[in-house]
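# Fold and geometry: a report
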Protein chains: 2
Amino acid sequence: MGEARWGPRERMVFSAAQLIRRDGVAATGMREVAAHAGAPRGSLQHYFPGGKEQLVNEAVGWAGRYAGKRIARFLAGLERPTPSGLFAAMAAQWTDEYAADGFTAGCPVAAATVECAAAGGSTREAAAAAFATWRSPLAEALAGMGVPAARAASLATLMISTLEGAILMARAERDTAPLRTAVRELGPLLDAAVAPAP
Amino acid sequence: MGEARWGPRERMVFSAAQLIRRDGVAATGMREVAAHAGAPRGSLQHYFPGGKEQLVNEAVGWAGRYAGKRIARFLAGLERPTPSGLFAAMAAQWTDEYAADGFTAGCPVAAATVECAAAGGSTREAAAAAFATWRSPLAEALAGMGVPAARAASLATLMISTLEGAILMARAERDTAPLRTAVRELGPLLDAAVAPAP
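Because the structure is predicted, anything quoted here is derived from the model rather than measured.

It is worth spelling out the overall build of chain A at this point. From N to C terminus, chain A includes nine helices and zero strands. If you list the helices and strands of chain A from N to C, you get α-α-α-α-α-α-α-α-α. By the compact-globule yardstick of 16 Å for 198 residues, chain A fits well, its C-alpha radius of gyration being 18 Å. For chain A, the spread of C-alpha atoms along the three principal axes comes to 60 × 35 × 30 Å. A buried classification covers 49% of the 198 residues belonging to chain A. A separation threshold of at least 6 residues defines the contact pool for chain A, and within that pool the share at least 24 residues apart is 68%.

Set out below in structure tokens:
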């Protein structure tokens, strides 16, 4: 992801996202973020005058952009792009991570939603924006494969919902089975949504 | 749910589940749970010698049993039980709650997973057990409607994954659309899994 060339601000946003992925929002302290990023603690106040809420919101925004950009990379990696192949690639990112690193981390947007949606602060809006940033290129990719536009939007929502829930179950059970089940069960439904060539 | 007849222990477990649903695990304090339950703070130590971790685990266990028992009630409420009708009833519990009370609360098992899975404590196991307690009667219900047993287990996992993710997206977006999309998109797939009568 090219973190090595990032400045301290970018490193802190990335570190916040990684710590939130692991422990959630409340358990992620500003001091810990600075240490993880190798940045002086004083620089947090400089770069994030809005404090922890600003940093969390930027981490959530980063995650949404990251997930959104991955869609094009997944597509580029598919020899013959299909909706089921794209969904399998989205899930494989998680099964690969869990195989390599254990079930340590989940989705930071999920954590921000679970912990911050009720409080009524700006983090709930940041989470909504992150989902939108992820869903939009996904729906476009489906449309590009021949799924009618209205259906593409619905299926993009379904794919993200199912993936988010399967990540939760996989972490709780320390087993990638829910992710593999999601791919196996949703694949045919997704491919059946491609309109036949005229 | 008959809370009025519960003793202080049951009320505290229920209160913990409700507060975790709203704010997550870390933001839910023991003092707040006692106040919510109308119980003396000293009674927490008496009933939960294992402290907050024990109380959180019991709240998560309560949620799993609650979700598991709802399956039979949803089935009883369907004139002609179908997999899609059951899934619609499961989602309607959430769309009804969000319409009545706003998007204040999510699933406590999701919160426990997001915040506690990495820590390696007993709460991760409690979350896994809660998902199992929910999935088992759901798979049985699908099998009872004619879905072959192996497929019923897969589809139960898919239904819970999709519902959990749709709850997250609905709370983030303050919109029940992801829940309604899940019902509309998964319904035909679920009904198609019913084996034809011989």
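For the rest of this paragraph, the subject is the packing of helix H5 (residues 83-101) of chain B against helix H9 (residues 177-192) of chain B. All names here are of chain B. Running from N to C, H5 and H9 cross one another at 165°; their axes reach a closest spacing of 8 Å. Taken as axis vectors, H5 and H9 run roughly antiparallel relative to one another. The hand of the H5/H9 crossing is right-handed. Here Pro-83, Ser-84, Phe-87, Ala-88, Ala-91, Trp-94 and Thr-95 of H5 come into contact with H9, specifically with Leu-179, Arg-180, Ala-182, Val-183, Leu-186, Gly-187, Leu-190 and Asp-191. Partitioning the contact of H5 with H9 into residue classes produces ten nonpolar, three polar and two charged.

Take the environment of Ala170(B) next. Residue and element names in this part refer to chain B. Topologically, Ala-170 is positioned in helix H8 (residues 149-173). Looking at Ala-170, the number of C-beta atoms within 10 Å reads 26, which means it is buried. In this structure Ala-170 touches Tyr-98, Phe-103, Asp-175, Thr-176, Pro-178 and Leu-179, once residues within four positions along its chain are discounted.

So, about the relation of the copies chain A and chain B. Of the transformation superimposing chain A on chain B, the axial component is 0.0 Å and the angular component is 180°, with the fit at an RMSD of 0.0 Å. Here the copies are linked by what is in effect a two-fold axis.

Right, let's talk about the UniProt feature "domain: HTH tetR-type" (unreviewed entry) in chain A for a bit. Under the UniProt annotation, the feature "domain: HTH tetR-type" (unreviewed entry) is placed at residues 16-59 of chain A. As annotated, residues 16-59 of chain A has a helix share of 70% and a strand share of 0%, and its two end C-alpha atoms lie 6 Å apart.

A few words now on the confidence of the model for chain A. When pLDDT is averaged along chain A, the result is 95; 97% of the residues meet or exceed 70. Both scores are given for the predicted complex: the pTM is 0.96, the ipTM 0.96.

Counting 136 residues, the largest nonpolar core has Ala16(A), Ala112(A), Ala16(B) and Ala112(B) as the members making the most contacts within it. The residues contacting Ala16(A), other than those within four sequence positions of it, are Thr28(A), Val33(A), Leu55(A), Val56(A) and Ala59(A).

As a further point, take the interface of chain A and chain B. Contact residues are listed per partner, giving 41 residues for chain A and 41 residues for chain B. Broken down by secondary-structure element, the contributors of at least two residues to the side of chain A that touches chain B are helix H1 (8-23), helix H6 (108-116), helix H7 (122-144), helix H8 (149-173) and helix H9 (177-191) of chain A. The biggest single contributor to the side of chain A that touches chain B is H8(A), with 16 residues. Residues belonging to the side of chain A that touches chain B are distributed by class as follows: 23 nonpolar, ten polar and eight charged.

Reading the values: rules and limits
- Residues numbered from 1 in each chain as written.
- Chains lettered and ligands numbered in written order.
- Predicted model: local features only at pLDDT ≥ 70, side-chain atom pairs only at ≥ 80, totals over all residues.
- Helix = DSSP H or I, 4+ residues; strand = E, 2+ residues; numbered from the N terminus.
- Rg over C-alpha atoms; globule rule 2.2 N^0.38 Å.
- Buried ≥ 20, exposed ≤ 12 C-beta atoms within 10 Å, placed from the backbone.
- Contact = placed C-beta atoms within 7 Å.
- Axes fitted to C-alpha atoms, helices over the stretch in contact; angles between N-to-C directions.
- Parallel < 35°, antiparallel > 145°, perpendicular 65-115°, else oblique.
- Left-handed = near helix turned anticlockwise from the far one by under 90°.
- Nonpolar A, V, L, I, M, F, W, Y, C, P; charged D, E, K, R; others polar.
- Least-squares fit on C-alpha atoms with pLDDT ≥ 70 in both.
- UniProt positions renumbered as here; feature names shortened; annotations may be inferred.
- pLDDT = per-residue confidence, 0-100.
- Core = buried A, V, L, I, M, F, W, Y, C linked by C-beta atoms within 7 Å.

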